[in-house]
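Now for the letters of each chain:
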Amino acid sequence: MPGYAISEEQSEKLNTALSDLAVQAEADAVFMSDCGGNMIAHFAQSESSAIPTIAALAAGSFAATRELATLIGEPTFHLIYHQGKETSIYMQSVLDFLLLVIFGRSTTVGLVKLYVEKASKELEPILKAIDGISETPAKDSAHPLELDQSSGIFGPGGQPTA
Amino acid sequence: MSFVNLGKKEINFKIVYYGPPLSGKTTNLEQLHEIMPDDVKGKMTMLSTQQDRTLYFDFLPLQSSAIKGFVSRFQLYTVPGQQIYNQTRKIVLTGVDGLVFVADSQWEMMEVNVESFENLQENLKTYNRALEDIPYILQFNKRDLPNIAPSHYLEFLLNGGPVKALCKEAVAVKGKGVNDTLNTVCKMVMTQFIEAHNMPSDGGNKEPADRAKDG
């Protein structure tokens, strides 16, 4: 399975679209992940170590919701909204990807939904351009891929045991 | 399905721990979380039932600088072993890059080991994928218990496919073998990734079976 890659330019375009959405919708954070739980781009007011976990849980949650839709005869549910006391989450599928917005009481779900719809239209052509491994590290001859096993895969603490 | 972000110089890999109920999949991740240095590991998340059985999946993100010039992010998942959660197991397999099949070495668990292994292959078929194409390891867990089958018998049951998988013995509850298993599967996944991109690596010209032997 070759996987897929996004170029620096695509990464920049995605980041710009997500930060624009965050500003317009007055959101705390905006994430884009794939259906396998990989975070492909994000914009957050503050960096957090929980970001990979958020992507994994969001992808899992969305996949479960898709199965629920199938069971009741719907082709798919394309959005999920979790309402919290202080902070809420709005998720919407964009092609095969997932757009996730975390927002507080300074904005409303209606506003978030409105700007997510707008952002989705801008994101679609960028996401459509991501095709397999047409952009790969191998193209960048300045950085040939090589395994460095001098200190174990996960550093000295992660050395294989005997 | 590996994902490369050239803007951030990141490569993402997904490793799934599969196996029958109570074989030690969650214990593997718990021990890894315990062992790994703080700067390598992220938050471990467990979606469990009230009885501490895996309901959806467990998740542990790790990062490495093993591929020069890139941050390699490994997302470790377990699946729920119980039969009723097959749909969930399928979901967790989405985009998997590497697999660890955690088998329970106890004699009475041989049938469920085989059932779970067959279930893994069936579930991969739903994504048009085959076990032979994915780097995977067989981990024979619970080797400290008295009533266990010999490793060669487990190999006979589970390792008869066209590609011979590497087998590792483990006592996950004591942390024995868990790091070795992870390091080996991660190395296999990265080697396959590098080969797929036609770039040189230490194991670049080897067949999958030879890579497995190298560990």
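Rules used in this analysis
Residues numbered from 1 in each chain as written. Chains lettered and ligands numbered in written order. Predicted model: local features only at pLDDT ≥ 70, side-chain atom pairs only at ≥ 80, totals over all residues. Heavy atoms only, no water. 1 Å grid on protein atoms, 1.4 Å probe; cavity = no way out; pocket = protein on both sides within 12 Å on 5 of 7 lines; lining within 4 Å. Points joined across faces, edges and corners; volume = space filled by probe spheres on them. Helix = DSSP H or I, 4+ residues; strand = E, 2+ residues; numbered from the N terminus. Nonpolar A, V, L, I, M, F, W, Y, C, P; charged D, E, K, R; others polar. Contact = heavy atoms within 4.5 Å. Buried area = accessible area lost by both parts, 1.4 Å probe. Salt bridge = Lys/Arg side-chain N within 4 Å of Asp/Glu carboxyl O. Polar contact = N/O pair within 3.5 Å; in protein donor to acceptor, adjacent residues only side chain to side chain. Pairing = 2+ DSSP bridges. Patch = residues over 30% accessible without salt bridge, like charges linked within 9 Å, V, L, I, M, F, W, Y side chains within 5 Å. Areas by Shrake-Rupley, 256 points an atom, 1.4 Å probe, with all protein chains shown as cover. Buried < 20%, exposed > 50% of the residue type's maximum accessible area, 1.4 Å probe, protein only. Lys, Arg positive; Asp, Glu negative; His and termini not counted. Charge placed at Lys NZ, Arg CZ, Asp CG, Glu CD. Axes fitted to C-alpha atoms, helices over the stretch in contact; angles between N-to-C directions. pLDDT = per-residue confidence, 0-100. Phe/Tyr/Trp six-rings, centres within 6.5 Å; stacked < 30°, edge-to-face > 60°. Lys NZ or Arg CZ within 6 Å of the ring centre and 35° of its normal.

J.: Tell me about empty space enclosed by the protein, and name the residues and values.
T.: Applying the stated rule across the entire model yields two cavities of 30 Å³ or more. Volume-wise, the second largest cavity comes out at about 70 Å³. A:C35, A:G36, A:G37, A:A56, A:A59, A:G60, A:A63, B:K14, B:F57, B:Y77, B:I91 and B:V92 together form the lining of the second largest cavity. Secondary-structure elements contributing two or more residues to the lining of the second largest cavity are helix 2 (51-71) of chain A together with helix 2 (86-92) of chain B. Here the lining of the second largest cavity gets four residues from one element, more than from any other, and that element is helix 2 of chain A. In terms of residue class, the lining of the second largest cavity is built from eight nonpolar, three polar and one charged.

J.: An account of the interface of chain B and chain A is needed here, citing residue identities and associated values.
T.: Listed per partner, the contact involves 52 residues of chain B and 46 residues of chain A. For the pairing of chain B and chain A, the buried interface totals around 4,600 Å² over both sides, and the portion due to carbon and sulfur atoms is 63%. Summed over the shared surface of chain B and chain A, the number is one salt bridge. The salt bridge involving A:E146 is made with B:K68; its shortest N-O contact spans 3.4 Å. Along the contact surface separating chain B from chain A lie 12 residue pairs in polar contact (both at pLDDT 80 or more). Counting residues per element, the ones that place at least two in the side of chain B that touches chain A are strand 1 (3-5), strand 2 (10-18), strand 3 (45-48), strand 4 (54-64), strand 5 (71-78), helix 2 and helix 5 (178-196) of chain B. For the side of chain B that touches chain A, the element with the highest residue contribution is helix 5 of chain B, accounting for 10 residues. Here the side of chain B that touches chain A is composed, by residue class, of 27 nonpolar, 16 polar and nine charged. Bridge count between strand 1 (residues 4-6) of chain A and strand 1 of chain B: three bridges; the pairing is parallel. Its bridge partner being in strand 1 of chain B, A:Y4 is matched across the sheet by B:F3.

J.: Any chance you could break down a nonpolar patch on the surface for me, citing the residues and the numbers?
T.: Residue and element names in this part refer to chain A. Together, L68, L71 and I72 make up a nonpolar patch on the protein surface, roughly 370 Å² of accessible area in all. Looking at where I72 falls in the secondary structure, it is placed in the loop between helix 2 and strand 4 (79-82). According to the relative accessible area criterion, I72 is exposed, its value standing at 61%.

J.: Any details on a negative patch on the surface? Residues and values, ideally.
T.: Residues and elements named next belong to chain B. A cluster of like negative charges, contributed by E111, E115, E118 and E122, occupies part of the molecular surface. Mapped onto the elements, E111 comes out in helix 3 (residues 110-125). Here E111 falls in the exposed class, since its relative accessible area comes to 59%.

J.: If you had to explain the sheet that holds strand 5 (residues 88-94) of chain A to someone new, which residues and values would you point to?
T.: All names here are of chain A. Sheet architecture is open: five strands sit in the order 3-2-6-5-4, paired in antiparallel fashion. Each edge of the open sheet carries a strand with a single partner, namely strand 3 (39-44) and strand 4. Across this sheet, the average inter-strand angle for adjacent strands is 10°, counted without regard to direction. Packed on one face of the sheet, helix 1 (residues 8-25) meets strand 2 (29-34), strand 3 and strand 6 (97-103) and runs near 40° to strand 3.

J.: Explain the pairing of strand 6 of chain A residue by residue, including any values.
T.: All names here are of chain A. Strand 6 sits mainly inside the fold: seven of its seven residues count as buried. Neither face of strand 6 is exposed, since F97, L99, V101 and F103 on one face and L98, L100 and I102 on the opposite face are all buried. Bridge count for strand 2 against strand 6 is six bridges, and the pairing is antiparallel. Directly across from A29, in strand 6, lies its bridge partner I102. Pairing of strand 5 with strand 6, which is carried by seven bridges, proceeds in the antiparallel orientation. The residue bridging S93 from the neighbouring strand is L98, located in strand 6. Counted along the chain from strand 5 to the antiparallel partner strand 6, the turn is two residues long, and its residue L95 has a positive phi close to 55°.

J.: Describe the confidence of the model for chain B, listing the residues and the values that go with them.
T.: Looking at chain B, pLDDT values average 89 and 92% of them are 70 or higher. Note that pLDDT drops below 50 for residues 199-215 of chain B; the model gives that stretch 29 contacts with residues more than four away or on any other chain.

J.: Residues and numbers for the packing of aromatic side chains, please.
T.: Across all of its chains, the model carries 12 aromatic pairs over all chains by this definition. Here the aromatic rings of B:Y56 and B:F57 are separated by 4.9 Å at their centres, their planes lie at 65°, and the arrangement is edge-to-face. For the residue pair B:Y56 and B:F57, the accessibility class agrees, reading buried in each case. Relative to B:F117, the ring of B:F101 has its centre 5.1 Å away and its plane inclined at 80°; by these criteria the two rings are edge-to-face. Here B:F117 lies in helix 3 and B:F101 lies in strand 6 (residues 98-104), a separation of 16 residues in the sequence. Grouping residues by exposure puts B:F101 and B:F117 together as buried. An aromatic cluster is present here, built from A:F154, B:F13, B:F74 and B:F193 joined pairwise through their rings. Lying across the ring of B:Y77, B:K14 places its NZ or CZ 4.6 Å from the centre.

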